[in-house]
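Architecture at a glance
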Amino acid sequence: MRFFLRFSMIAVLMAVGSAAAAAPPAPFTLSTTAFADGGQIPVQFTAAAQDVAPGQGVSPPLAWSNPPAGTRSFVLHMHDLDVARNRTTDDQLHWLVWNLPATATGLPQGVPPGSQLAGGAYQISATGATYRGPGAPAAGPPHHYVIELYALDGTIDVQPEADPFATRAQVLAAIQGHVLGKAVYLGLFHRPQ
């Protein structure tokens, strides 16, 4: 009887230890304090904000956590899913930041314009080396602005070009086969009536 109880306790302890060891890692997440996931993007982070130059804006603060093991860099891609550019499947590019270092855990509000950021990352949008705030027209439903964050197993060798859409195509092609994980956040916006 003692042997059976002792064996049963050992089996239970081993099962508990195996379950703890097999627990899945925490999910890779992207967030912002500026608006809820799937919620309305506040005007201050859009092209409709007061004193914003056309095609620019103030980027929202972003944070991410739990990147996959082996992450060496990040790529951030913000785009408007409701736009079909030039009668193609291309949508509107609002922000692309690549070669963010693996040590990064977010981006502050109001990332300044310029093709290269501190830490060596690059940025572009449809209007140049800057964040382009959402600017969907007041008529019609809100547009869907998706922010995607890719965790990569290395950095990519892409330099910004004069054509931001060509640069985006190069970046997205360069990350193929190197994506370890992806986190997504969604915001809705159209200009106030």
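Coordinates for the structure precede this section.
Residues numbered from 1 in each chain as written. Predicted model: local features only at pLDDT ≥ 70, side-chain atom pairs only at ≥ 80, totals over all residues. Heavy atoms only, no water.

A few words now on the packing of aromatic side chains. Per the counting criterion, the structure on display carries five aromatic pairs. Taken together through their ring pairs, the aromatic side chains of Phe28, Trp64 and Phe74 make up a single cluster. Just above the ring of Phe165 sits the side chain of Arg85; from NZ or CZ to the centre is 3.5 Å. (Phe/Tyr/Trp six-rings, centres within 6.5 Å; stacked < 30°, edge-to-face > 60°. Lys NZ or Arg CZ within 6 Å of the ring centre and 35° of its normal.)

Turning our eyes to something else, we now look at the nonpolar core. Counting residues in hydrophobic clusters, the biggest one holds 28 residues, and the most contacted among them are Leu30, Trp64, Leu76, Trp95 and Leu100. Breaking this core down by element, the ones donating at least two residues are strand S3 (62-65), strand S4 (73-80), strand S5 (92-101), strand S8 (143-152) and strand S9 (179-189). By residue number, the principal contributor to this core is S8, which donates four residues. Residues contacting Trp95, with those up to four places away along its chain left out, are Ser59, Leu62, Leu76, His77, Met78, Leu107, Val111, Gln123, Ile124, Ser125, Thr130 and Tyr131. Membership of the second largest hydrophobic core comes to 13 residues, among which are Val75, Leu93, Ile124 and Val171. (Core = buried A, V, L, I, M, F, W, Y, C linked by side-chain atoms within 4.5 Å. Buried < 20%, exposed > 50% of the residue type's maximum accessible area, 1.4 Å probe, protein only. Helix = DSSP H or I, 4+ residues; strand = E, 2+ residues; numbered from the N terminus. Contact = heavy atoms within 4.5 Å.)

Take Glu148: it is sitting in strand S8. Among the polar contacts made by the side chain of Glu148, one reaches the side chain of His79 at a distance of 3.1 Å. With residues near it in sequence (within four places) discarded, Glu148 still touches Val75, Leu76, His77, His79, Lys182, Ala183 and Val184. (Polar contact = N/O pair within 3.5 Å; in protein donor to acceptor, adjacent residues only side chain to side chain.)

What follows concerns the sheet that holds S4. Reading across from one edge, S2-S9-S8-S4-S5-S7 is the order of the six strands in this open sheet, with mixed pairing throughout. The open sheet terminates on both sides in strands that have one partner only, identified here as strand S2 (39-40) and strand S7 (122-124). (Pairing = 2+ DSSP bridges.)

Quick look at the sheet that holds strand S1 (residues 29-31) now. If you walk across this open sheet you meet the three strands as S1-S3-S6, and the pairing is antiparallel. Taken across any chain shown, the strands that pair with only one partner, and hence form the sheet edges, are S1 and strand S6 (106-107). Pairing geometry for S1 and S3, over three bridges, is antiparallel. Its bridge partner lying in S3, Thr29 is registered against Ser65.

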